[in-house]
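This is what each chain is made of:
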4 protein chains.
Amino acid sequence: MCYNRYMRLFCSGAESRYHYRGKEMYVEEGKSIMRVETITLNETRNVTLTAYIQETGGEFRYVTKRPAVLVLPGGGYEYCSEREADPVALPYLKAGYQAFILRYSVKADAVWPNPLSDYEQAMEMIRGKAEEWKLYPDKIAVIGFSAGGHLAAAAATMAKNRPNAAILGYAVAGNDVKCCNQSAPDTIPEVDKDTCPCFLFATRTDNVVPIMNSIGFMEALAKADISFESHIYSYGPHGFSTGDPSIQPKDTQMSERVPHWVEDSIGWLKEVFGEFGADGLTEPAYKAHVTDDCEAFLSVDCTMARIMGNPEGARIVGEVFAEIQRKTGADRMGDAMQDFLRKMKLRDVLGFGEAPEEYVCALNEQLSKVPNI
Amino acid sequence: MCYNRYMRLFCSGAESRYHYRGKEMYVEEGKSIMRVETITLNETRNVTLTAYIQETGGEFRYVTKRPAVLVLPGGGYEYCSEREADPVALPYLKAGYQAFILRYSVKADAVWPNPLSDYEQAMEMIRGKAEEWKLYPDKIAVIGFSAGGHLAAAAATMAKNRPNAAILGYAVAGNDVKCCNQSAPDTIPEVDKDTCPCFLFATRTDNVVPIMNSIGFMEALAKADISFESHIYSYGPHGFSTGDPSIQPKDTQMSERVPHWVEDSIGWLKEVFGEFGADGLTEPAYKAHVTDDCEAFLSVDCTMARIMGNPEGARIVGEVFAEIQRKTGADRMGDAMQDFLRKMKLRDVLGFGEAPEEYVCALNEQLSKVPNI
Amino acid sequence: MCYNRYMRLFCSGAESRYHYRGKEMYVEEGKSIMRVETITLNETRNVTLTAYIQETGGEFRYVTKRPAVLVLPGGGYEYCSEREADPVALPYLKAGYQAFILRYSVKADAVWPNPLSDYEQAMEMIRGKAEEWKLYPDKIAVIGFSAGGHLAAAAATMAKNRPNAAILGYAVAGNDVKCCNQSAPDTIPEVDKDTCPCFLFATRTDNVVPIMNSIGFMEALAKADISFESHIYSYGPHGFSTGDPSIQPKDTQMSERVPHWVEDSIGWLKEVFGEFGADGLTEPAYKAHVTDDCEAFLSVDCTMARIMGNPEGARIVGEVFAEIQRKTGADRMGDAMQDFLRKMKLRDVLGFGEAPEEYVCALNEQLSKVPNI
Amino acid sequence: MCYNRYMRLFCSGAESRYHYRGKEMYVEEGKSIMRVETITLNETRNVTLTAYIQETGGEFRYVTKRPAVLVLPGGGYEYCSEREADPVALPYLKAGYQAFILRYSVKADAVWPNPLSDYEQAMEMIRGKAEEWKLYPDKIAVIGFSAGGHLAAAAATMAKNRPNAAILGYAVAGNDVKCCNQSAPDTIPEVDKDTCPCFLFATRTDNVVPIMNSIGFMEALAKADISFESHIYSYGPHGFSTGDPSIQPKDTQMSERVPHWVEDSIGWLKEVFGEFGADGLTEPAYKAHVTDDCEAFLSVDCTMARIMGNPEGARIVGEVFAEIQRKTGADRMGDAMQDFLRKMKLRDVLGFGEAPEEYVCALNEQLSKVPNI
């Protein structure tokens, strides 16, 4: 009956059988309730992975795969806090992600590298089941809190199976790692060129994990040219999780901005992983590294210092730079200024010199053949 | 060991056994994964209720019970859209609510009153299991979309088991109900004094459910003195659900403000039901009715018209009003002004006349003995 | 010195003299403090126009002209409230707009059409001085509150010099106009096809201007196919202006969402007027009318009812529609369904029928030659 | 006439003459247009202070005085950017603040301490005219950008007339100060116990002022126990000011969250200065220092390390601590744990030990008599 056909189309734009871009598609009705599955990864150590899997295709016709988050709750390596488990998975599920919660080794079992091994096992399983679980194996963020934040940072800096982004909430780092787990390594010295983009948040007045833990890790990221975002709120307790009043009751002394980290982290992931569009995820907005100083070959996105420190790079750029110096009278440039320029990317220096785009491209082409040694 | 004890306390503020306000409480660890349960309410008509149940107590120490939402997806009474099922439940779960999804009678089974009976059965079950499902039986909101919005409005206006609040998304109302389900009644004439507070949202350019559907229902609420909130966004398609890009892909022609309804409805529910505090939910911010014109006895929150239309009310207020008239020279007051005052609550008229609070209270006391006939 | 040149470029991207897209531009430094000018429009009636003018060009290199707002404060036609003057202009100034405040005829001088004449005079002056005041003469929004909201709606519906958009805050409309100004006309019957897009906001519990004032106006806009957005907040007093605590002190009984109207109205204006881009304002996101039923010629954006009511339109679309009917079995379509379809735009009907884009364009081409009579 | 009286009261809650809390108040109508005044502070160096002064009292009946911001635009000490002048003042004006813009010494005149002297002169004038300009002399925030951010930080750390809060946007600090102004001192080593609370923001990819400038300053604040908030956005250019598209045009490569700093800084100031209430500003939410380690006398808000390092403090707390050790078996506490506890405030240690409030108060009383030497 026409009536049916129209109403199916009209109301929410779906019907059991329809053509989408020339392909016949079929919706099995009422079958797309979110699946919740708990898998025991290690019986002895009581390690489990809980999966929240949402449907793709059907009425979610534009969604063929989903990015994912793997949640690592806090709890001082003594337990896995429920406050930082389900309530954290929910907003990412709403944003269209698949979500996983790892309850890793705690107490006596927390001896290193057990927790990291649990993570490796979980990440391997998630990537291995990417088809079944309908997710992008290269768009998986890890999100950890407190001790779980330490584990997330360890995953981002030391794991064999690195995550593609890391969200670190009041994460333990630096000397305080020992207070929390005597066998666990500090993550700050481990930040390397393969560390994924990171999103940090914490409260300034955290009375359990001092704010220097976050600042120290941030500094390591800055020095390694890793892309990051960081929000330190002026006021609030440790362990606030999402900051929802069902977790931190109304009248908790906490800055009103604290709960913003949740939506902000989703907006940030959108930039790192891309956004749901009519043809799958769109292109990411930026790279994991702020400069190309860690890449295998040179480019205009390397810093002046990096390029000038490479004999072949120095030769190529020499003429360009000489030209800029002539143009800008740089022979009179002081040492402070030179230092300043050395930290900038060649692309930016050229931009300020109003070099035409074609010129920048040609130069980039040349540099891209020079090994970055 | 001190270390354990401290870390348990420090990290996320929990431990297996602790004293809270003099009562010994116990956390059974790792047992608070959200439960998902699907109950068949009517096998013949394929009606199911899916429950998402979150833990209380334990680490959620301030939460003893939770408010709840019952989601009614749209689909023109032809099917129950998955786009308006799980993705809608998720943000309320994050906000600390229990969430339920009713897949009600559709197609041939949608003949009235089947869908409403399904609702009644679901609401009875939810209230009946309030203890088991750890929810406040008098803090349950219904949330419906499109045809499901019609059903939600029917629940709010005609059901035996009324909800405590209703969220209506691009809900079908008025003459268009017949286009959607020929046997279903219009809800606009059914708005009555027992209708719960309502939150409406829609897009102005909805090409399936014309915006007059929402305006008509809103007008009925205004005339019945029911409290409501309404957001009509200038631009967007029908059936956008939460408006997340995983449902409406990026580049959908839709006002950026559309997805705000989700957080706004949660803020609104907080006012209607109260907010999570250290001692359970706080007091609601306001009543379901804007005036007391529908209450059993008079009060200073009745309109002047209502009070002056009641002989005993008119007598009591007569002297007061005469005084105000003397004070303000109201003998020279025009008809327009009188009309204006008649629509106001006595409390507001007294307020403008700067009547002292004690005076208002005393007068209220007197009026509270007068039956509102 | 290079140092200077670099620092000028580096810090805030500006220098006194620079080339932008091949044109030499010059910044006269320290000369771009916002100008505030008050012009007496009518000495007898004490009518003034205050202009807040921001610079263009120079460091604001991408901005050559600005859109504008004209603020009409409330005050019951008895005075012009300062609460709804400067505090309202400020956020639009921040958003890059020029802002004007009209203090129109009040008290005895408010006899109609004096206030509207004041508005006409102000709008003529603003458009006349568009060059001097660096604004787009066709991107001027009027924003009025309470009685000023009545005046803004009169401007939008009855003026010779119509605004290009109107923002109406708890605006007086309907019978209550007489309570406020006995000589003033109701605006609801005046809504016509030339009415500009409107943005309405109010609180449900307004105890001075009943919410039906806003609902009545909204209904008239809906019936005239004018684009609008509307936000009715559940709780709050009359006259809250921007809702900032410096105007409505903390602990005012007011929904937390009330102050959102300010940013929401700026987002809405962005859709109506376009957004600041690198080449001036971008294209608006949508038209002032939701359908083309009011346009001079037919199009696929007319409703089915309009097209089928036009003999030539009916002929053209006849074959198409017959085809759709054949495809969908519409011969069995009930009356309710027909009613439903008649309200839809032809474009949407074709879309549901999955007509290819070229086909829709060709049809539109044909219809665009048929006068809409 | 009653009509007038009512309308005056009803619409926007104001009238020319009214009683408020027993005091007769009077509104001089139409006299409260924001005043803009530019004062030359130093003719030779072309230093000016522009004041934007809003009315108090009258219709702003709850506002008797206002907090204030003093804006220091950037421009590499070569000029004062207009992009970071008026557009920055506007949102604080909207929030109810008085706003000032200092155009300080630049170019050759920027030799130190000229810019700081300009600041001192401005702040002295603002505090001196607190009555005339209707502001709280102890609630004045300085807000600076880039080089102006360096000056703001210098004001916060080195000035005779310190501000009460500082907002630092992509502020130059550390070695890069020399690139910007060779005579200017670095501010990082100057952070001291009298430094006011600070709010920092920047973009990670700033290609002019490297992000380490902000991280370095933040670290100094953390070490000095000064309260701060910090937002580092992942992506964006230097010099974005408010991030409004009229300043950074649409399609600038910039994280969507960047413009949030404006509202966030207003929310933060509300916590530092208090919020507009019915009786003037409410109490601030927190202190400028995170611990009392810098105060003249000990308290329970000193760290354990500080108290235990003071002989009298150690004696008083000794017994308490011994008790806690007994209770928690702390004799088995490892060195890591001890380090951990030493960084905590006594109040927090007691809190974890579930010490009753009276007990904490009594102990605080005792400690408050011990000089912090």
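A few points on the structure. (Residues numbered from 1 in each chain as written. Chains lettered and ligands numbered in written order. Predicted model: local features only at pLDDT ≥ 70, side-chain atom pairs only at ≥ 80, totals over all residues. Heavy atoms only, no water.)

## A few points about the overall build of chain A
Summing up its helical and strand segments, chain A has twelve helices and twelve strands in all. Looking at chain A residue by residue over its 373 residues, the buried ones come to 65%. Within chain A, contacts between residues separated by at least 24 positions form 70% of all contacts whose residues are at least 6 apart in sequence. Accessible surface for chain A amounts to roughly 13200 Å². Of this, 49% is attributable to carbon and sulfur atoms. (Helix = DSSP H or I, 4+ residues; strand = E, 2+ residues; numbered from the N terminus. Buried < 20%, exposed > 50% of the residue type's maximum accessible area, 1.4 Å probe, protein only. Contact = heavy atoms within 4.5 Å. Areas by Shrake-Rupley, 256 points an atom, 1.4 Å probe, with all protein chains shown as cover.)

## Some thoughts on empty space enclosed by the protein
According to the stated counting rule, one finds 19 cavities of 30 Å³ or more in the structure shown. Its boundaries defined by the atoms lining it, the largest cavity holds a volume of some 90 Å³. Lining the largest cavity are 13 residues; nearest its centre among them are Asp86 and Pro87 of chain C together with Gln54, Phe60 and Arg66 of chain D. Elements that contribute at least two residues to the lining of the largest cavity include exactly helix 2 (86–94) of chain C together with helix 2 (86–94) of chain D. A breakdown of the residues in the lining of the largest cavity according to their chemical character gives five nonpolar, four polar and four charged. (1 Å grid on protein atoms, 1.4 Å probe; cavity = no way out; pocket = protein on both sides within 12 Å on 5 of 7 lines; lining within 4 Å. Points joined across faces, edges and corners; volume = space filled by probe spheres on them. Nonpolar A, V, L, I, M, F, W, Y, C, P; charged D, E, K, R; others polar.)

## Comments concerning helix 3 (residues 114–128) of chain A
All names here are of chain A. With 15 residues, helix 3 ought to run about 21 Å at 1.5 Å a step, and its terminal C-alpha atoms sit 21 Å apart, in line with that. Residues of helix 3 that are buried include every one of Asn114, Pro115, Leu116, Asp118, Tyr119, Glu120, Ala122, Met123 and Ile126, and no others. Packing partners of the buried residues in helix 3 comprise strand 3 (35–42), strand 4 (47–53), strand 5 (66–72), strand 6 (98–103), strand 7 (135–145) and helix 4 (147–158). (Expected span 1.5 Å × (residues − 1).)

## Quick notes on the packing of helix 3 (residues 114–128) of chain D against helix 4 (residues 146–158) of chain D
Residue and element names in this part refer to chain D. Across the interface, helix 3 lies against helix 4 with an axial gap of 10 Å and an inter-helix angle of 65°. Seen from above, helix 3 lies across helix 4 with right-handed handedness. Contacts between helix 3 and helix 4 involve Pro115, Leu116 and Tyr119 from the former and Leu151, Ala154 and Ala155 from the latter. Broken down by class, the residue content of the contact of helix 3 with helix 4 amounts to six nonpolar, no polar and no charged. (Axes fitted to C-alpha atoms, helices over the stretch in contact; angles between N-to-C directions. Left-handed = near helix turned anticlockwise from the far one by under 90°.)

## What to know about the pairing of strand 5 (residues 66–72) of chain B
Looking along a regular strand, one sees the side chains alternate between the two faces of the sheet. Residue and element names in this part refer to chain B. Where burial is concerned, most of strand 5 is hidden: seven out of the seven residues are buried. Alternating positions in strand 5 separate into two faces, Arg66, Ala68, Leu70 and Leu72 on one and Pro67, Val69 and Val71 on the other, with burial throughout. Examined bridge by bridge, strand 5 and strand 7 (residues 135–145) share six bridges and lie parallel to one another. In the strand pairing of strand 7, Val69 is matched with Ala141. The sheet contact formed by strand 5 and strand 6 (residues 98–103) spans four bridges and is parallel. From the neighbouring strand, Val71 faces strand 6, where its bridge partner is Ile101. In this region the chain leaves strand 5, passes through helix 2 (residues 86–94) and returns to the parallel neighbour strand 6; the handedness of that crossover is right-handed. (Pairing = 2+ DSSP bridges. Right-handed = clockwise from strand over helix to strand, strands pointing away.)

## A few points about the packing of helix 6 (residues 212–223) of chain A against helix 6 (residues 212–223) of chain D
The interhelical angle for the contact between helix 6 of chain A and helix 6 of chain D, taken along N-to-C directions, is 160°, at an axis separation of 10 Å. In terms of their interaxial angle, helix 6 of chain A and helix 6 of chain D are classed as roughly antiparallel. As helix 6 of chain A packs across helix 6 of chain D, the resulting crossing turns out to be left-handed. Contacts between helix 6 of chain A and helix 6 of chain D involve Met212, Ile215, Met218, Glu219, Ala222 and Lys223 of chain A from the former and Met212, Ile215, Met218, Glu219, Ala222 and Lys223 of chain D from the latter. Partitioning the contact of helix 6 of chain A with helix 6 of chain D into residue classes produces eight nonpolar, no polar and four charged. (Parallel < 35°, antiparallel > 145°, perpendicular 65-115°, else oblique.)

## Notes on the nonpolar core
Nonpolar side chains tend toward joint burial in soluble globular proteins. Ranked by internal contacts, the top residues of the largest apolar core, which has 464 residues, are Trp261 of chain A, Trp261 of chain B, Trp261 of chain C together with Trp261 of chain D. Not counting residues up to four positions away in its chain, the partners in contact with Trp261 of chain D are Tyr92, Ile143, Phe145, Ile167, Phe199, Phe201, Tyr233, Phe240, Ser241 and Thr242 of chain D. (Core = buried A, V, L, I, M, F, W, Y, C linked by side-chain atoms within 4.5 Å.)

## Focus on the pairing of strand 9 (residues 198–203) of chain B
All names here are of chain B. The buried fraction of strand 9 amounts to six of the six residues, a majority that puts the element mostly inside the structure. Neither face of strand 9 is open: one carries Cys198, Leu200 and Ala202, the other Phe199, Phe201 and Thr203, and all of them are buried. Sheet analysis places strand 9 next to strand 10 (residues 228–233), joined by six bridges and oriented parallel. Opposite Phe201, over in strand 10, you have His231 as the bridge partner. Between strand 9 and its parallel partner strand 10, the chain crosses via helix 6 (residues 212–223), and the hand of that crossover is right-handed.

## What about the packing of aromatic side chains?
Residue and element names in this part refer to chain D. Counting across every chain of the model gives 50 aromatic pairs over all chains. An angle of 85° between the planes, with centres 6.5 Å apart, marks the rings of Tyr77 and Trp112 as edge-to-face. Within this pair, whereas Tyr77 is found in the loop between strand 5 (66–72) and helix 2, its partner Trp112 is found in the loop between strand 6 (98–103) and helix 3, the two being separated by 35 residues in sequence. Trp112 carries the same exposure label as Tyr77, and that label is buried. (Phe/Tyr/Trp six-rings, centres within 6.5 Å; stacked < 30°, edge-to-face > 60°.)

## Considering the relation of the copies chain C and chain D
Superposition record for chain C on chain D: RMSD 0.1 Å, screw rotation 180°, translation along axis 0.0 Å. Both copies are brought into coincidence by an operation consistent with a two-fold rotation axis. In this assembly the copies share their binding face: 100% of the residues contributing to the interface of chain C also contribute to that of chain D. (Least-squares fit on C-alpha atoms with pLDDT ≥ 70 in both.)

## Quick word on unusual backbone geometry
Trans peptide bonds make up the majority, and among non-glycine residues the majority have a negative phi. The step from Trp112 of chain B to Pro113 of chain B runs through a cis peptide bond, and the omega angle for that step is 5°. Phi is positive for Asn46 of chain A, close to 60°, though the residue is something other than glycine. You can see Asn46 of chain A is positioned in the loop between strand 3 and strand 4. Looking at Asn46 of chain A, the relative accessible area reads 59%, which means it is exposed. Its identity is not glycine, yet Asp225 of chain C carries a phi of approximately 65°, on the positive side.

## Focus: the interface of chain C and chain D
Between chain C and chain D, the contact holds 66 residues from the first and 66 residues from the second. Linking chain C to chain D there are two salt bridges. The shortest N-O distance in the salt bridge between Lys94 of chain C and Asp244 of chain D comes to 3.0 Å. The biggest single contributor to the side of chain C that touches chain D is helix 2 of chain C, with six residues. Taken together, the residues of the side of chain C that touches chain D break down into 28 nonpolar, 21 polar and 17 charged. (Salt bridge = Lys/Arg side-chain N within 4 Å of Asp/Glu carboxyl O.)

## Regarding the side chain of Asn310 of chain B
Here Asn310 of chain B shows up in the loop between helix 8 (304–308) and helix 9 (311–328). Those residues in contact with Asn310 of chain B that lie beyond four places of it in its chain are Leu298, Val370, Pro371, Asn372 and Ile373 of chain B.

## Some details on the pattern of salt bridges
Where charged atoms from two side chains of opposite charge come close, those side chains can pair. With the rule as written, the count across this model stands at 80 salt bridges over all chains. The partner of Lys193 of chain B in a salt bridge is Asp194 of chain B, with the nearest N and O atoms 3.4 Å apart. The shortest N-O distance in the salt bridge between Glu55 of chain D and Lys134 of chain D comes to 2.8 Å. Of this pair, Glu55 of chain D sits in the loop between strand 4 (47–53) and strand 5 while Lys134 of chain D sits in the loop between helix 3 and strand 7 (135–145), and the two are 79 residues apart along the sequence. For Glu55 of chain D, a relative accessible area of 24% puts it in the partly exposed group. For Lys134 of chain D, a relative accessible area of 24% puts it in the partly exposed group. Overlapping salt bridges bring together Glu229 and Glu271 of chain A together with Arg257 of chain D as one network.

Function cannot be inferred from these measures alone, as they are strictly geometric.
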